[in-house]
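Close look at the chain arrangement
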Amino acid sequence: MAKAWIALVGLLFICCWSSTMGAEEHVLYKDPTKPVDYRVKDLLKRMTLEEKIGQMVQLERTNMTAEIMRKYYIGSLLSGGGSVPADRASPKQWVDMVNTFQKGSLSTRLGIPMIYGIDAVHGHNNVYEATIFPHNVGLGVTRDPALVKKIGAATALEVRATGIPYAFAPCIAVCRDPRWGRCYESYSEDHKIVQMMTEIIPGLQGDVPANFPRGAPFVSGKDKVAACAKHFVGDGGTVKGINENNTVVTHNELYNIHMPAYLNSLDKGVATVMVSYSSINGIKMHANRGLVTGFLKRKLKFRGFVISDWEGIDRITYPPHKNYSYSILESVNAGVDMVMVPYNYTEFINGLTDLVNKKAIRIQRIDDAVKRILRVKFAMGLFENPLADYSFADKLGSKEHRELAREAVRKSLVLLKNGKSAKSPVVPLPKKASKILVAGTHADNLGYQCGGWTIKWQGQEGNNLTAGTTILKGIQAAVDPSTKVVFRENPNPKYVKSQGFSHAIVVVGEPPYAETAGDNLNLTLPNPGPGIINNVCGAVKCVVVIVSGRPLVIESYVPKIDALVAAWLPGSEGQGVADVLFGDYGFTGKLARTWFKRVDQLPMNVGDKHYDPLFPFGFGLETKPSN
């Protein structure tokens, strides 16, 4: 009897042990069949404070190692502008780098994958040989949300080609003053166009299903990326367009101009929102609890995560980083969930831990932040597919994507003048001519036509930065083989008059810039642009193409110019300009920005009481295809 009893107890012990082991193997948060919020709740209750705070940290990839990822439970990494695994790195090198860091995260106790982010703001612009689409200032001209959605889908594939699942795009700022150095990142001065262009979000993330809860993050699969609506909120309305400055607005201006596109973004399942460096009526957005928590999270019911901008919390104080503990306290309590540190992670981790231990930041706030971060990671399938592969490598810079970019260039061009009168149009230009002059600093300069946020943060000049076609090369390919195309960057008038040119194409504009470096209080056409226009257009019939991130002061040159085209920052596919100049396609673009006469008129936007532009919002001459 005793032996039987012992045997029974042993059997029960084995059964219980087996049952426990089975339960341990079937951890709820690892089960993809369970609802996301169940998985979030299960994982959160298993996490220590150290693991939670690690999830709230986003670091720059420079000097990072898999061991640091593992030791500090880091939740996210990013590539800043120009931060790459190697010069001209291949998709394989990118994937291998991302996976190396990811394996560090997966080796932690709970195996929570990190999320890698990058600024893919006009295509996958950090990456060599990626397709560079026109900047947003040009895409707004198209008023074509279906086109922008396709651009989002193409960008997602190219970002995934490098193993990255998260893009800091789109910028949905409403630029109200072109003196702002980020104005080219804005689709328009009109919030309605910006709202229309939020269709890029389902391009990046996929279409939300019917009856999907508003404000919940959505990413549909391995060929899509998590998007980021930025910069919340009012970044395009700062005083004098000064980057990171104060936006002085009424309640109606804030909610009727700067906020509407965020409502559209949440309807489309945007996964994350980035906070602006700027202030609203004197309150730094990184410390604005009323708008970040009160409005975005509670009123609009946003359930993804809120991320800071690069060292954004440091700039709550002046000078930046003067009182870092205060900056951590204010930003986290305001509702920032993930903090882009990006380098001094131990200072942030120690500072946040200390504030939680002192109960200056409640553990409920930490839990809310981590829930949101985990919710996005689960929603995008990162737990099921944490490691990237090489399956999308052929999508980077593919012919299909370059053709799409070329279409976008064609549709983003605005014809501002066409001949001295409507009866004598200059464009479309004839493909068959004896000799054409192409002149100007921007005619054969891929870096100039791509602008900032291209390979390097500030962009760069020249034709060696990446793959693409300059406007000159596009012109040479477009004309008849018998037509001689002569390129002189800055010819003198005597040369122009003596060569028997049938006409000239002058391409001038701004050099590349990004953010504060682009702030410009005079907006004059940079030298030697004015001289080139005067030298060429005074000697031969000319078409002037302006390559810029915004309207410039050009009123005095217009009478000398026979035809005038705003090409904005067209990106890598310069053939799109030639396609329309030579009549394969017609001009269709309409200004999405007011073209002012003088900077003393600024800010001046459509609908203003005193509205006296050189070319009004919505203006654009049209032509029919001739070939």
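Residues numbered from 1 in each chain as written. Predicted model: local features only at pLDDT ≥ 70, side-chain atom pairs only at ≥ 80, totals over all residues. Heavy atoms only, no water.

Going by what an unreviewed UniProt entry lists, the protein chain is known as Beta-glucosidase BoGH3B-like and is assigned to Populus alba x Populus x berolinensis.

Concerning the overall build of the protein chain
Within the protein chain, the secondary structure is distributed over 21 helices and 17 strands. A compact globule built from 627 residues would reach a C-alpha radius of gyration of about 25 Å, and the protein chain, at 27 Å, matches this within 12%. Considering only C-alpha atoms, the protein chain reaches an extent of 120 × 50 × 45 Å along its principal axes. Residue burial in the protein chain is summarised as follows: out of 627 residues, 60% are buried. The contacts in the protein chain between residues at least 6 apart in sequence include a share of 77% that link residues at least 24 apart. (Helix = DSSP H or I, 4+ residues; strand = E, 2+ residues; numbered from the N terminus. Rg over C-alpha atoms; globule rule 2.2 N^0.38 Å. Buried < 20%, exposed > 50% of the residue type's maximum accessible area, 1.4 Å probe, protein only. Contact = heavy atoms within 4.5 Å.)

Here we look at the side chain of His286
Residue placement: His286 occurs in the loop between strand E9 (283–284) and helix H12 (289–299). For His286, a relative accessible area of 2% puts it in the buried group. A distance of 3.0 Å separates a polar side-chain atom of His286 from the backbone oxygen of Ser276. (Polar contact = N/O pair within 3.5 Å; in protein donor to acceptor, adjacent residues only side chain to side chain.)

Some thoughts on the state of the cysteines
Tallied over the full model, the rule gives two disulfides. Bridging Cys175 to Cys183, the disulfide has an S-S length of 2.2 Å. Here the disulfide of Cys175 and Cys183 is left-handed, its torsion about the S-S bond being about -110 degrees. Disulfide partner of Cys537: Cys542, at an S-S distance of 2.1 Å. On the sign convention where negative means left-handed, the S-S torsion of about 110 degrees between Cys537 and Cys542 marks this disulfide as right-handed. (Disulfide = S-S within 2.5 Å.)

Some points on empty space enclosed by the protein
Using the criterion set out here, one finds five cavities of 30 Å³ or more in the structure. Quantified by volume, the largest cavity comes out at close to 180 Å³. Lining of the largest cavity is provided by 18 residues; of these, Arg160, Gly163, Asn385, Leu387 and Ala388 occupy positions nearest its centre. Counting residues per element, the lining of the largest cavity draws most heavily on helix H5 (residues 91–106), which supplies three residues. Residues that form the lining of the largest cavity fall into these classes: eleven nonpolar, four polar and three charged. For the second largest cavity, the calculated volume is near 130 Å³. What lines the second largest cavity is a set of 17 residues, and nearest its centre among them are Ala120, Val121, His122, Asn136 and Ile200. Among the secondary structure elements, those contributing two or more residues to the lining of the second largest cavity are helix H6 (136–142), helix H7 (145–161) and helix H9 (200–205). (1 Å grid on protein atoms, 1.4 Å probe; cavity = no way out; pocket = protein on both sides within 12 Å on 5 of 7 lines; lining within 4 Å. Points joined across faces, edges and corners; volume = space filled by probe spheres on them. Nonpolar A, V, L, I, M, F, W, Y, C, P; charged D, E, K, R; others polar.)

Comments concerning helix H11 (residues 260–267)
Every α-helical turn comprises 3.6 residues, leaving residues that sit three or four positions apart pointing alike. Burial analysis of H11 places six of its eight residues in the buried class, the great majority of the element. Where H11 is concerned, the buried positions are Pro260, Ala261, Tyr262, Asn264, Ser265 and Leu266. Where H11 is buried, its residues contact helix H8 (191–197), H9, strand E5 (228–232), helix H10 (251–258), strand E7 (272–275) and H12. The first or second residue beyond H11 is Gly269, which carries a positive phi of 75 degrees.

Regarding the packing of H7 against helix H16 (residues 399–412)
Relative orientation of the contacting elements H7 and H16 amounts to 145 degrees, with a least axis distance of 10 Å. Considering only the axes of H7 and H16, their crossing is left-handed. Touching Leu147, Lys150, Ile151, Ala154, Leu157 and Glu158 of H7 are His401, Leu404, Glu407, Ala408 and Lys411, all from H16. Taken together, the residues that form the contact of H7 with H16 break down as six nonpolar, one polar and four charged. (Axes fitted to C-alpha atoms, helices over the stretch in contact; angles between N-to-C directions. Left-handed = near helix turned anticlockwise from the far one by under 90°.)

Here we look at the sheet that holds E5
Strand order in the open sheet made by the three strands is E5-E7-E10, with parallel pairing throughout. With partners counted over all chains shown, the strands left at the sheet margins are E5 and strand E10 (305–307), one partner each. For this sheet the average axis-to-axis angle between neighbouring strands, irrespective of direction, equals 25 degrees. Judged from the three bridges that link them, E7 and E10 form a sheet pairing that is parallel. Note that in E10 the partner of Val273 across the bridge is Val306. Packing of H11 onto the sheet brings it into contact with E5 and E7, and relative to E5 it is tilted by some 160 degrees. (Pairing = 2+ DSSP bridges.)

Considering the sheet that holds strand E13 (residues 435–439)
Sheet architecture is open: six strands sit in the order E12-E17-E16-E15-E13-E14, paired in mixed fashion. Strand pairing shows two members of the sheet lacking a second neighbour, strand E12 (414–418) and strand E14 (484–488), which therefore form its edges. Averaged over neighbouring strand pairs, the angle between their axes works out to 15 degrees when direction is ignored. The sheet strands contacting helix H18 (residues 471–478) are E13, E14, strand E15 (503–509) and strand E16 (542–547), and the helix crosses E14 at an angle near 165 degrees.

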